[in-house]
Structures are given as C-alpha cells and as structure tokens.
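# A look at the structure
Listed below, chain by chain, are the residues.
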Amino acid sequence: MMHHALISLILCLPLFIACTPHNPHYNPSKAHHTPTGFKNTYPEPERAEGSFWAWRYNAWKEGLPKPPAHPITGVTPDLAYIQNNKTETAVSWVGHATLLYQIDGVNILTDPVFSDRASPLSFIGPKRHQPPGIALKDLPHIDVVVISHNHYEHLDLASVRALQVQAGGPPRFLVPLGIEAWFQGNVPGVKLEGADQNVYWLDWGDNYAVNGRTAPINFDFLSVQHWSKRTFWDRNATLWGSWAITHPSYRFWFSGDLGYSQATQDIGRTHGPFDLAAIAIGAYEPRWFMKRGHVNPTEAIQVMQDVGAKRAIGIHWGTFELTDESLDLPPQDLQKGLQAAGIAPERFQVMRHGETWRGLTP
C-alpha cells in the first residue's frame, strides 16, 4: 500500500537516482512489458492527481476506519491433522492472503506473512488485528511458496527468510518476474540456478510443475489487474498476478490482489473451471480510490463466476487494517451480494483464522 512506500522513501531517498527501475526481463513482443517494468493487460480506470492525499485526509476527517462492530475471532488450528495430512486435499486460513493448501502430499503456502506488521519496519505500519491462525513454527514442511506480488502484506521478508531455513530444507519459491532479484538480495541461501535452485520466476502464461505423490501439480501464473510497488520509485518494476494450481483430482485458483477487469473472464476461458477459488474481498473503500486495485465483495462474486469456480473462500480481510471499511464489513457485504445475486451462501464463504476445510472433493 502507499503508506508503506512512504516509509521506504525515508529509508532510500538518498539513492533516488540509483533506484530508477530497469526491466531486465523486457520483451518488446509482449504487450504487458515495458522498459522499466510491466503494465496491466486492460486499461485501468483514471485516478485524479493527488487522490492518495485526498483519501488519507478524508479518512482522518471522518475517523475511518471504524472499529469492528462484531468481534473477529480465530479457532484453534487442528495441528495434528495439518502436520500429518499426506493424502487429503485441504485448505487452512492463516490470515489475510496466507493460505496453507495441501494436495497429493504437497504443502503449498500462498503469500506468507507471519510478522506483526505489514511494513519494512517493526515499529510502524499496519499492525495485525489477528495473530496468524497457524504459527509459522507449527506449519508442516512447506514444499512450495507462491507469491502474487511485492506489497508488504503479501511479501514479508522475515517470513520468507524463516521458510528458507525451515527444517528439512527450503521450499521452492515461485515468484513473478523481477522478484527473484529481491530474493537474491534479501534472503540468504536462496539459489537462482544450479541443481539446488529454489527460486523460479514466471511471466503471465508461464507454468511450473511439481510432482505430487500420484500426479504432477501444475502452477500457472496468470494476469489480473493490479500493480506492484515496494518503494517510491519502483512502481510496476516487478510483475503481479494470480495462480492456478491444478491437479487431476482438484483445481484451485488463488487470486492474490486484483481490481475487476476482463482478465478474470480470460482466466475462466483459458484455465477454468475451478473446484475452489480463494478471492480477495477486503481493502475496497473508498471505491473512487480503491477500485483500480481491489475488488469489493460484489465484484468478487463476479470474479467467482468469471473463473468458473464451484466454490470460493473470501480472503484479504480481517487481519490488517488497510483501508476505510471496518475489518468485519467484507463478510457482511459478501452475504448481501450473494443474496442480491440469488447465489447460495455456501458457494462463497469466509473462514476463521486457523480454520481448516478438510477432505475437499470436486
């Protein structure tokens, strides 16, 4: 988020010229590539100059966000099941965009963030409202980590460093183009080449496969409308996207962050349908400012239909206070949207921090 970039500006201002981005992956034959980074497939809504400051002023003036009207509480995780599950397809919500997805004996973690703050600093920035539903130390051995983009509440330095040195060996990190350089410069021990390589970088449309116990698991990196930024001068210098994680027995899609665009219709045509989709439903107010990068619950329902998901989990809410809506509002707006659309509420649900859905079947 932009307030995270303000912190980074203070840290790196003397290096402004040196930090000017250059895209080492630039391919002029690809429409979403630029010499300095990347751009969305479809045109984005216009945003007025100074709108960030208008948003922050209005939020301060109105005292937003308001505290949650209803408590957000987690559940005690079923660690015995999580740590020993080798056969069932299951998903557990750690919080925000962090999910533990288990299929065919492979443990997959999405956008791992276990730190107290979504920030480059430990004493300032958005603080967790809820602790991780599963502590990092209680995870099973993680085989694959997928990263959607480089915002601080999706790519956390302390968390990926801890996963790199987990017992039993490091995971494979699957990252968008450009983020491999961040890993190389910030995560000791990662390998970008050779027999022990464990960081792999993908463009939209690229695929990576991992062997499960019975069949390969395919990871396809796909376009969605969003953006990337970690400092004040690297906007869109690295890629962003969503992940289709598919196995002959079950098909899963992880949205990452996204604004609504035709990109999700494209995903439905080229990679759908899915048995389950994890779709962001939070960080959407005010709409005049957030619409470009974050869907609201009504748009998230449309995304579920676009990608052809039989069932969906609402993520990206209830963990970090990032925008103007109360932390407990996204599930309420989701239920209203489902009712208005005539869609059964069990098709699109939220989880509690630490909750596991066991034995998922198509």
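Bringing the pattern of salt bridges into the picture now. Scanning the model with the defined rule gives 9 salt bridges in all. For the salt bridge of Asp-78 with Arg-358, the shortest nitrogen-to-oxygen distance reads 3.1 Å. Of this pair, Asp-78 sits in the loop between helix H2 (51-62) and helix H3 (79-84) while Arg-358 sits in the segment after strand E16 (356-357), placing them 280 residues apart in sequence. For Asp-78, a relative accessible area of 32% gives the class partly exposed. Given the relative accessible area of 48%, Arg-358 is considered partly exposed.

Glancing now at the packing of aromatic side chains. Under the criterion given, the structure shown has 14 aromatic pairs. An angle of 50° between the planes, with centres 4.9 Å apart, marks the rings of Phe-173 and Phe-183 as tilted. Here Phe-173 is found in strand E7 (residues 172-176), whereas its partner Phe-183 is found in helix H5 (residues 179-186), with 10 residues between them in sequence. The exposure class of Phe-173 is buried, given its relative accessible area of 0%. Taken together, the aromatic side chains of Phe-52, Trp-53, Trp-55, Trp-288 and Phe-289 make up a single cluster linked through ring pairs.

So, about helix H8 (residues 297-307). Burial runs high along H8: 8 of the 11 residues are buried. Along H8, the residues that are buried comprise Pro-297, Glu-299, Ala-300, Ile-301, Val-303, Met-304, Asp-306 and Val-307. Once H8 ends, the next one or two residues include Gly-308, with phi positive near 75°.

Thresholds, definitions, all that
Residues numbered from 1 in each chain as written. Predicted model: local features only at pLDDT ≥ 70, side-chain atom pairs only at ≥ 80, totals over all residues. Heavy atoms only, no water. Salt bridge = Lys/Arg side-chain N within 4 Å of Asp/Glu carboxyl O. Helix = DSSP H or I, 4+ residues; strand = E, 2+ residues; numbered from the N terminus. Buried < 20%, exposed > 50% of the residue type's maximum accessible area, 1.4 Å probe, protein only. Phe/Tyr/Trp six-rings, centres within 6.5 Å; stacked < 30°, edge-to-face > 60°.

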